Structure formats: structure tokens, C-alpha cells
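Structural overview
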Amino acid sequence: MKLNWGMIGGGEGSQIGPAHRMGAQADGNFTLAAGALDADPDKGRVYAQRLGVAPDRAYGDWREMLEGERGRADRVDLVTVATPNATHFEITKAFLEAGFHVLCEKPMTMSVEEGEEIVRVAEAAGRICAVNYCYSAYPMVREMRAMVAAGQIGKVRLVVTNFSHGHHGDAGDADNPRVRWRYDPAMAGVSGQFADCGIHALHMAGFVAGDEVERVAADFASTIPSRVLEDDAMVNFRLQGGAVGRLWTSSVAIGRQHGFDLQVFGETGGLRWASEQPNQVYFTPVGGRTQIMEKGEAGLSDEAGRLSRVPIAHPEGFPLAVANIYVDLAATIRGEAHGTLPLAVDGLRSMAAVHACVASAKADGAWVDARPPMLR
Ligand SMILES: NC(=O)c1ccc[n+]([C@@H]2O[C@H](COP(=O)([O-])OP(=O)(O)OC[C@H]3O[C@@H](n4cnc5c(N)ncnc54)[C@H](O)[C@@H]3O)[C@@H](O)[C@H]2O)c1
């Protein structure tokens, strides 16, 4: 039977809303049954109904949705929170406490304390709180993780990752509402570009290496001077197992479209993946030739196979990576076997890394412990 799904944020014209709607509904697991989709209550109600939500479940805001859903026999099984960052904590906490499973957009919270609170609340409520680190669900990212875990590149020495684009590079775009909140501390938090994109790269580094970030040293810059928060950051980091990490993230790198890539270098080989060519992994064994591994070909890991839907050489795109998160959420909610889900604890680790990077950048790049106090 299909599960009922509700969405908060992700209204018409939003960046991430469509990927959630395609992702949640791609495999027939979820029906969009309720929503509070927009900061403007009327726009949200109208748009939800256009998407097929019944009028009495097309809510004007999330509090109305919480009250409306909590008493229903057919209440939503899962709520996705896809609003701007500053609202994530309050909404996620309220829905978890009311017994709903939640998929929260990144960054999960604004502070480390809030992140720890969400981990505690989810545990006490016995509910899933997943965080949408959707890039980790691309089939060939799972392939890299499986190869590292199987020792195919030996002990990891070095992880290098970039998530740099140029879509906020036009200073004249400063008043665009979709851009402005990302550099406003009241809406975005203590970090701009690093919390927006850099944390995807940092999460992926740990995910593929099978390790966690231990400490960071950061250089932040607001290259458009009117921005309070950084639009470019360079972060050095160390994983707990000792591997060296390098990360560059930028929103003013004009000409880079979706420049997210990851390279992992081990003692006996290296791996390379890029989000603009997500179907391929480049694998070079030490002393050997570079092989291009293709999604869908024989001999890949079970995870890469399980999370692929379209035939070899057909693009497996971003919404289907998001769909992979929903596949595992549906299985978890139903009590069935499922793969690795990015959870509140990952959201908490990211938040600790964000604050550690901010502290480091303020201290001229000093090394700062990036582990949340709860997990030290
Ligand atoms: N996982 C990813 O790859 C990814 C990609 C993009 C954005 N995001 C995250 O998703 C979130 C939203 O980003 P976006 O780029 O879609 O932003 P956006 O500005 O494009 O859209 C935000 C949407 O939320 C609505 N909204 C704002 N406040 C609301 C409220 N209180 N209640 C209901 N709706 C509200 C707006 O009306 C709009 O429809 C952010 O936290 C962002 O970091 C994640």
C-alpha cells in the first residue's frame, strides 16, 4: 500500500521542491496527501491543490498542517521539510514530537545544540529523522563507497572535493529572493556557501571514505562585499582515521554549472566521480591503467545495482538520486530491509563542522575540532 506523504516548503518556483515531488513519487511508494508549500499561505494552498492535494489538506502553514494531520486516521506517514534553513529545527522537532517521520533538508539546524536536540527527540519518539544528503544516493557514489570498503584502493590517504558553481556570481542579483536568504544570517545561519553546498561535499567525503570528519581549518571570503556570509570557502580537514581532506566550495565560480566532484586516493588506487557525469567512476589502480566504470554494467556492487533504474548509458539523474532516499525511507517506515540512510546524526555532524569552520575562519584558519560534543 502507498504511504501518505506531506511536504512543507518546496512551493512553486522553488529550487528543491520538484526534485522531492519527482523523487518521492518515482517508485509508487508515496502519495502527496498534504502540504504547506509556500511562505505565502494562499499561494501554498492553491499550488498544493493543483498538485492534487485535497482542499482540506492544502494547508496555509506548517502549524495548521500539524494540527490538521495529527488527528487523522490517514495522517501522513512522512513529512519533508524543504523550507529555508532557519525554519528546519522548529518544524522538524514539532513533527517528530507529534510522531511523524521526517526528511529534513540540509542543513538540518542552525546550531550544534539544536542538532543534538533533534537527535535526542528522534530517538525518544522512535521516529526516523533523515537528512537529504541526496548525492550520497547516486548509484556510482555507492559503488565508490563499496570499493573503498572492500579495500580496492587500500587505506585512504587523501580525499579532495569541490562543490563550486557560479550562479550567485552576479552582484546585481543580490535582491533576488531565492539568492538573498542564503547570505542573510537570520535565514541561513552562521555560514552561507559552506552550509549551502560545502556540507554536501564534506558529508560525501566521509560517506565514501567510510570515516568521519575530525577537525577542520577554513578560509572564508565574501567576494561580493555586501554579503554578510561567505560566498567562497577553502577547507582543509582530517578524517578520524588520519586521511587528509581538501574542500573548495564557491557560488561565484562563473562558468562552473554544478561543479560537485570527489576524488579519493588510497595506498593502492584512486577514484574520481563528478555530479555532471554521475554515471561514471574513474578507477586507477597503482601502476595500472585508468578504467571508466559505467552505471549498469556487470560486476558492480549490490548497492549500485539496487539503486539504478534505467538501462546502461541512459542518464540516471538528480531526481532519481533523491528518489533513492525515498526508497530507503519507505522501506524503513514499512519495517523492511533498506540501505544506508543519511540521518539526524549526519545532520548534526555537518552542523558541528559548519560551526567549526566559522570559528576557524575567524581565527585565521586555526585547526578546530569538528566533532559534535555529543559524539566525542
Ligand atoms: N539537498 C539538496 O541538494 C538541496 C538543493 C537545494 C536546496 N536545498 C535545501 O532546501 C531548502 C530550500 O531551498 P530552495 O533552494 O528550494 O529554496 P527556495 O528559496 O528556492 O524555495 C523555498 C520554498 O520554501 C517556501 N517557504 C519559505 N518559508 C516557508 C514556510 N515557513 N512554510 C512553508 N513554506 C515556506 C518558499 O515559499 C519557497 O517555495 C534549503 O534548506 C536548502 O539548503 C537542498
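Let me sum up the structure you'll find in this document. (Residues numbered from 1 in each chain as written. Predicted model: local features only at pLDDT ≥ 70, side-chain atom pairs only at ≥ 80, totals over all residues. Heavy atoms only, no water.)

**Some words on the pairing of strand β11 (residues 269-274)**
The side chains of a regular strand alternate, first on one face of the sheet and then on the other. Looking at chain direction, strand β10 (residues 259-266) and β11 are connected through five bridges and run antiparallel. The residue of β11 that forms the bridge with F265 is G270. Linkage of β10 to β11, two consecutive antiparallel strands, is achieved through a turn of two residues. The pairing of β11 with strand β12 (residues 277-285) spans five bridges and is antiparallel. Across the sheet, residue A274 finds its bridge partner in β12, namely Q277. (Pairing = 2+ DSSP bridges. Helix = DSSP H or I, 4+ residues; strand = E, 2+ residues; numbered from the N terminus.)

**What to know about the packing of aromatic side chains**
Aromatic ring pairs are described here by two measures, namely the spacing of the ring centres and the angle between the planes. Counted by the stated rule, this structure contains 12 aromatic pairs. Judged by centre distance (5.0 Å) and plane angle (80 degrees), the ring pair of Y135 and F260 falls under edge-to-face. Placement of Y135 in the loop between β5 (129-131) and α6 (139-149) and of F260 in strand β10 is noted, with a sequence separation of 125 residues between them. You can call Y135 buried: its relative accessible area is 7%. (Phe/Tyr/Trp six-rings, centres within 6.5 Å; stacked < 30°, edge-to-face > 60°. Buried < 20%, exposed > 50% of the residue type's maximum accessible area, 1.4 Å probe, protein only.)

**Focus on the sheet that holds β11**
With mixed pairing, the nine strands of this open sheet are ordered in space as β13-β12-β11-β10-β6-β9-β8-β7-β14. Either end of the sheet is taken by a strand with one partner, and the two such strands are β13 (291-294) and β14 (368-369). Inspection of the sheet shows strand β6 (residues 156-164) paired to β10 by eight bridges, in the antiparallel sense. Residue pairing in the sheet places V159 in a bridge with V264 of β10. Strands in contact with α6 are β6, β10, β11, β12 and β13; relative to β11, the strand with the most contacts, it is inclined by about 165 degrees. (Contact = heavy atoms within 4.5 Å. Axes fitted to C-alpha atoms, helices over the stretch in contact; angles between N-to-C directions.)

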